[in-house]
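Spelled out from the first residue to the last, the chains are:
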Amino acid sequence: MKSIVICIIILVLSLNCVAQSNGATSSAELDINQNIPYVKIGAGYWIPTSKLSYFLNNAPFFELGIVIPDDSYSRSFELGVQLVIPQQENFFLLRDNNEDYEIEATTILNAYLKLNKYIWEKDRNRLELTFGLGMSSIFLDPVTRAGDAVLDYDNINSFLVAPGLSYTFSFKDKSIVQISFDMQYTPFKMERGTTKDLNSFSMLPKIAYRF
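Attention here is on the structure that accompanies the text. Small disclaimer: the values here were computed from a predicted structure and weren't measured.

Right, let's get into unusual backbone geometry. With the exception of glycine, the majority of residues adopt a negative phi angle, and the majority of peptide bonds are in the trans configuration. The backbone phi angle of Ser74 is positive, close to 50°, even though this residue is not glycine. Considering the arrangement of structural elements, one finds Ser74 in the loop between strand 3 (59–70) and strand 4 (75–84).

This is how it looks when you write it as structure tokens:
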């Protein structure tokens, strides 16, 4: 949890620096092929598979990130956070003294650092192969008051591996629209859970916009 909070603080500070930098740059100077950091927002659909899909359904997610281009090496770096609003299919079961207590997921928060490698470019369009590493947290709440007494942790955490593919459109007004498809591997483990291993390969189709 502390790692995610630190990532969010760093992201917010970075966004503030970028906003000040962009404020001093005229729109005529901005171009997809220049090494100018930019902020992007996105939304998509989180589709879990494997064991996690038994408990959580497909759900929308929202993304905020800062992209730092390095066009001299045909790549960019990206620092971002994703917020998923999960849809519960079956409650998690927490076992204590041979009794099971129902637990639900309230939110999922992902924080990542990603390398985006340009594998094709033409005019203002670009295809990117991406690879990210980070951390993912599922925040939990007991369904009943009895469960509140035995749930002694607020979230379960996992490292995150996220390969993907993106196609970027750049328009004459300097705006950018990006269509992406990512995969995320998250081997969650729930302490004292009836099902301890909640590993998942999640699919995340999304669309993002640069402002």
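So, next bit.
Under the criterion given, the structure shown has 6 aromatic pairs. Put simply, the rings of Tyr54, Phe55 and Phe92 touch in pairs and so form one group of aromatic residues. Between Lys114 and the ring centre of Tyr112, over which it is positioned, the NZ or CZ distance is 4.8 Å. One residue, Arg126, lies across the ring of Tyr118, its end atom 4.0 Å from the ring centre.

With that out of the way, let us pick up the pattern of salt bridges. The final tally for this structure, using the stated rule, is 11 salt bridges. In this structure, Lys206 engages Glu63 in a salt bridge whose closest nitrogen and oxygen atoms are separated by 2.7 Å. Here Glu63 lies in strand 3 and Lys206 lies in strand 11 (residues 197–210), a separation of 143 residues in the sequence. Looking at Lys206, the relative accessible area reads 7%, which means it is buried.

How each quantity is defined
Residues numbered from 1 in each chain as written. Predicted model: local features only at pLDDT ≥ 70, side-chain atom pairs only at ≥ 80, totals over all residues. Heavy atoms only, no water. Helix = DSSP H or I, 4+ residues; strand = E, 2+ residues; numbered from the N terminus. Phe/Tyr/Trp six-rings, centres within 6.5 Å; stacked < 30°, edge-to-face > 60°. Lys NZ or Arg CZ within 6 Å of the ring centre and 35° of its normal. Salt bridge = Lys/Arg side-chain N within 4 Å of Asp/Glu carboxyl O. Buried < 20%, exposed > 50% of the residue type's maximum accessible area, 1.4 Å probe, protein only.

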